[in-house]
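Chain by chain, the residues:
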Amino acid sequence: MKKFSVIFLILSLILFTAIIKNSTKRIDDEIFSTKENIRGLKKNFEDIKLEYDYLSSTYKLLEFHRLYFDKELFKKDIKNFMIINEKKNSLKIKQFKF
Amino acid sequence: MSNKDSRIVIENQENDFLYKKNKSNLNITFNRISFIFFIFLIIGLIYSIHLIHLGSRKSKIENSDNLNQISNKLYRADIVDRNQKYLVKTINSIDIGISPSKIIDEKKLLINLKLIFPDKNYFEVQKRINKGKFFYFKKNISEENYEKLMQLGDKSIEPRDNLIRIYPQKNLFSHIIGQIDSDNNGISGLEKSLDKKLKSIREPIKLTVDKDIQYLIRRELIKFNEIFRTKGSAAILMNVTDGEILSLVSLPDFNPNKRERISDINFINRATKGVYEFGSVFKTFTLAAAFDSKLIEPQTEFIDLPKSLSCAGFPIREYDNKIPSNLTAEQILIRSGNIGSVRIGQKVGEEKFKLFLNKLGILEKINFEIEEVGKPIEFNWGKCPLATASFGHGITTTLLQLAKAYSIIVNGGYHIQPRLIKIDKKNDREKILNGEVSKKILSILRKIVTSKEGTASLANVNGYEIGGKTGTANKIIDGIYSNKKINTFVSVFPTSNPKFVLAVMLDESQNNENYIYNYRDGSNFKLKGSPRNTAGWTTVEVVGQIVEKIGPILATKYGDIN
């Protein structure tokens, strides 16, 4: 009887593990397909980022500046930089120092 | 019917089926249990095999993923700058090949291809089809053309996935990144030194450089290469506290996308590989060595300095004959006095000076992340060599080592290792110089830029507290000193709290008679044409212009505001 119980227990464990593992197969598949989707999106993101890097490069920005904002945008002297600190409803402005 | 009585005889029949105890040892009851157990065992085994199969399934997916990505012979990891902007990227591309044996209607195929790719030489294509072997029709086609080709439904058109390495910044980082060959092996720069790593990892490698700052410095260097008609130039912008290099430019440079074999020696990396005599920038080391040994103070006076000295039959003269005979140690560096520097060098002595230069890593080949690193020419010490080394004559090093040494001198005397690859973990810094050295030297370097006697007033850009030392040296060509110049300026800013060292070198610069200098002393004075071919009139102006452009970015992006 004792032998029977042990064998039955072992076999039941194997059986239940197999059933549980089998049920996770679907989740595995979902994880796999999600991963694949992420990989695709990541690739798209990298391509767009590459394009963004190019369009926002210093070379391009200086070109846009020359073409469209030559008079609107101008260099500001660092001595005119100020730092604003907000403390309990009051603003404190101090000179920016490099 | 006969008279015979019919009789029924009932005989006791012996039972032929007597139960006999089976004498064999076979136990039927036990066999039944065994059999059931065996069946369960088989079922268990099947489930176990199934379990193992399910368990191994995931790793198979991962393996196949890795196979696609890492094991691909053409795969190399991307490289990004400190702000995650792409410097190098591996991208997927589709190459289209044609398998002539699978062509059904050649004429139809060629007409269709001509509609999609009208510029192709179809005479050549026809010739290759006739050869009957697979060939690549077009490499790296667009997704739009790929769709069109697939819609043709011709089995002879075979798309092949490929990976290509692109350098979106073109020339900008050529000397740092380097190149790869047609076998996907790095042949220079980081592509070579990180070859194995780039092939094995998937995450991008992050560098310490800033793409925007690099662009602005390179643009100014190119501009001034034309103005001063130089053979080449180099610049290094280094963070003095941790040795991170924000920009490293060497001109001329090249476009790594072209995959050209570069054999012209003029394309040498002047920032790391070129070994030069930099002249008076070494005087800072002489004075710093004296401060470190506590032999003199900035106000220590040197009386009756001669206008020339003789050493082993060779004269040592002052560059400027108007230089006074009595100078303090501070004034010697501000006015870039040769004789005064010799006197300070002699006070320090050969051993201490050698030890000091070794601590700064000036004389030995530097350990750096790219292999294109120059080895300083061995210096034969002695009485006269000590005298000449004191003012930077006869002693060589690289611009990178110069930037490193100045960083150590101004950062409080902490050792730093120049770096191109960003690391998150910061090591504990080792203090190798007396902390007072930085304070004393910084004050003098600032005066070189702000005082009338100083040689670098053109770099006095408002708001950045630039300090620095100029160096003009005659270039050695084939072992002989020529009239050609190496003009250098190593600047430090802001001197009140040093953050950056910017070292700029112009190789064989020449005077420009038309260039207009705007004095930065508040006088609004303008001067047309460079009076002398010295660092003070060439490299200092370049540094001033560079800091004007990059200063606001450095101040707001890397300053204390953040």
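Residues numbered from 1 in each chain as written. Chains lettered and ligands numbered in written order. Predicted model: local features only at pLDDT ≥ 70, side-chain atom pairs only at ≥ 80, totals over all residues.

Undergrad: What exactly am I supposed to notice about the overall build of chain A here?
TA: Within chain A, the secondary structure is distributed over two helices and two strands. For chain A, the N- to C-terminal ordering of α and β elements is α-α-β-β. Here the C-alpha radius of gyration of chain A, 32 Å, is well above what a compact globule of 98 residues would show, namely 13 Å. For the C-alpha atoms alone, the extent of chain A along its principal axes is close to 95 × 40 × 25 Å. Relative to its full complement of 98 residues, chain A shows a buried share of 3%. (Helix = DSSP H or I, 4+ residues; strand = E, 2+ residues; numbered from the N terminus. Rg over C-alpha atoms; globule rule 2.2 N^0.38 Å. Buried ≥ 20, exposed ≤ 12 C-beta atoms within 10 Å, placed from the backbone.)

Undergrad: It is not clear to me how the overall build of chain B should be interpreted in this structure. Could you clarify?
TA: Within chain B, the secondary structure is distributed over 16 helices and 18 strands. Relative to the 2.2 N^0.38 estimate, which gives 24 Å for 562 residues, the radius of gyration of chain B is 40 Å and therefore markedly larger than a compact globule would have. For the C-alpha atoms alone, the extent of chain B along its principal axes is close to 180 × 75 × 50 Å. Sorting the 562 residues of chain B into buried and exposed places 40% on the buried side. For chain B, long-range pairs separated by at least 24 residues make up 72% of all intrachain contacts whose partners lie at least 6 apart in sequence. (Contact = placed C-beta atoms within 7 Å.)

Undergrad: Just to check I follow, could you spell out the domain arrangement of chain B for this structure?
TA: Interfaces are often sized by the accessible area lost when the parts come together. Residue and element names in this part refer to chain B. Domain assignment breaks chain B into domain 1 (79-206) and domain 2 (213-557). Each of domain 1 and domain 2 was reduced to a C-alpha centroid, and the two centroids are 46 Å apart. In this complex, domain 1 contributes 19 residues to the contact, which on the side of domain 2 involves 20 residues. Elements supplying a minimum of two residues to the side of domain 1 that touches domain 2: helix H5 (174-177), helix H6 (189-193) and strand S5 (205-206). Residues belonging to the side of domain 1 that touches domain 2 are distributed by class as follows: eight nonpolar, seven polar and four charged. (Domains from an automatic or database assignment. Nonpolar A, V, L, I, M, F, W, Y, C, P; charged D, E, K, R; others polar.)

Undergrad: Hey, could you run me through the sheet that holds strand S7 (residues 245-251) of chain B in this one?
TA: Residues and elements named next belong to chain B. In space, the five strands of this open sheet follow the order S7-S6-S16-S15-S14, with antiparallel pairing throughout. The strands lining the two open edges of the sheet, one partner per strand, are S7 and strand S14 (467-477). With direction set aside, neighbouring strand axes in the sheet form an average angle of 15 degrees. Here strand S6 (residues 232-239) runs beside strand S16 (residues 500-507); their pairing, made up of eight bridges, is antiparallel. Among the inter-strand pairings, Asn 239 is bridged to a residue of S16, identified as Phe 500. Running over the sheet, helix H14 (residues 399-410) touches S6, strand S15 (480-493) and S16 and is turned about 150 degrees from S16. (Pairing = 2+ DSSP bridges. Axes fitted to C-alpha atoms, helices over the stretch in contact; angles between N-to-C directions.)

Undergrad: How should I be thinking about helix H3 (residues 122-131) of chain B in this particular structure?
TA: Side chains three or four residues apart in an α-helix point the same way, a direct result of the helix having 3.6 residues per turn. The element H3(B) is largely exposed, with a buried count of one among its 10 residues. One or two positions beyond H3(B), positive phi appears at B:Gly132, with a value near 80 degrees.

Undergrad: Explain the pairing of S15(B) here, please?
TA: As a general feature of sheets, a regular strand has side chains that alternate between the two faces. All names here are of chain B. In terms of strand pairing, S14 meets S15 through 10 bridges, oriented antiparallel. Considered in S15, the bridge of Ala 473 is made with Ile 486. Hairpin connection, S14 to S15: the antiparallel pair is bridged by two residues, and Asp 478 has positive phi, about 55 degrees. Relative to S16, S15 is paired through eight bridges, and the arrangement is antiparallel. Paired with Phe 489 across the bridge in S16 is Val 504. In this antiparallel pair of consecutive strands, S15 and S16, the connection spans six residues.

Undergrad: Looking at this model, I keep getting lost on the interface of chain B and chain A. Mind explaining?
TA: Listed as interface residues are 27 residues of chain B and, on the opposing side, 21 residues of chain A. At the level of secondary structure, the elements contributing two or more residues to the side of chain B that touches chain A comprise helix H1 (28-69), strand S2 (86-98), helix H8 (211-227) and helix H16 (539-557) of chain B. Looking at the side of chain B that touches chain A element by element, the count peaks at 11 residues for H1(B).

Undergrad: Can you walk me through unusual backbone geometry in this structure?
TA: Excluding glycine, residues mostly carry a negative phi; peptide bonds, for their part, are mostly trans. Residues and elements named next belong to chain B. The step from Leu 251 to Pro 252 runs through a cis peptide bond, and the omega angle for that step is 0 degrees. Of note, the bond from Phe 493 into Pro 494 is cis; its omega dihedral lies within 30 degrees of zero at -15 degrees. One can find Pro 494 in the loop between S15 and S16. Even without a glycine there, the phi angle at Arg 229 is positive, about 45 degrees.

Undergrad: Help me out: how do you make sense of the nonpolar core in this one?
TA: A general trend in soluble globular proteins is that nonpolar side chains are found buried together. Residue and element names in this part refer to chain B. Ranked by internal contacts, the top residues of the largest apolar core, which has 115 residues, are Ala 235, Ile 236, Leu 237, Ala 403, Ile 441, Val 501 and Ala 503. Counting residues per element, this core draws most heavily on H14, at nine residues. Split by domain, the residues of this core number at least three in each of domain 1 (79-206) and domain 2 (213-557). Excluding residues that lie within four positions of it along the chain, Ala 403 makes contacts with Ile 236, Met 238, Val 490, Val 501 and Ala 503. (Core = buried A, V, L, I, M, F, W, Y, C linked by C-beta atoms within 7 Å.)

Undergrad: What's the story with the environment of B:Ala389 in this structure? I'm lost.
TA: Here B:Ala389 lies in helix H13 (residues 383-390). Those residues in contact with B:Ala389, other than ones at most four positions away along the chain, are B:Phe282, B:Gly345, B:Phe379, B:Gly394 and B:Ile395.

Undergrad: Help me out: how do you make sense of the confidence of the model for chain B in this one?
TA: Fine structural detail should not be taken from predicted coordinates in areas where pLDDT scores are low. When pLDDT is averaged across chain B, the result is 89; 91% of the residues are at 70 or more. Here the predicted complex carries an ipTM of 0.73, next to a pTM of 0.81. (pLDDT = per-residue confidence, 0-100.)

Undergrad: Would you mind showing me how to read the pairing of strand S10 (residues 308-311) of chain B here?
TA: Residues and elements named next belong to chain B. Looking at chain direction, S10 and strand S11 (residues 314-317) are connected through four bridges and run antiparallel. Residue Leu 309 lies in a different strand from S11, and its bridge partner there is Ile 316. Count of turn residues in the S10/S11 antiparallel hairpin: two residues, of which Ala 312 carries a positive phi of about 50 degrees.

Undergrad: Help me understand the packing of H8(B) against H16(B), please; the structure alone is not making it clear to me.
TA: Describing two packed helices takes the angle between their axes plus the distance from one axis to the other. Residue and element names in this part refer to chain B. Across the interface, H8 lies against H16 with an axial gap of 10 Å and an inter-helix angle of 160 degrees. As judged from the angle between their axes, H8 and H16 are roughly antiparallel. The chirality of how H8 crosses H16 is right-handed. Note on element contacts: H16 touches H8 through Val 542, Gln 545, Ile 546, Lys 549, Ile 550 and Ile 553, opposite Asp 212, Ile 213, Leu 216, Ile 217, Glu 220 and Phe 224. Grouping the amino acids of the contact of H8 with H16 by side-chain chemistry returns eight nonpolar, one polar and three charged. (Parallel < 35°, antiparallel > 145°, perpendicular 65-115°, else oblique. Left-handed = near helix turned anticlockwise from the far one by under 90°.)

Undergrad: What is the right way to read the confidence of the model for chain A from this model?
TA: Confidence in the prediction of chain A, expressed as mean pLDDT, is 85, and 100% of residues score 70 or more. Ranking the elements of chain A by mean pLDDT puts strand S1 (residues 82-87) of chain A last, at 85, and helix H2 (residues 58-68) of chain A first, at 88.

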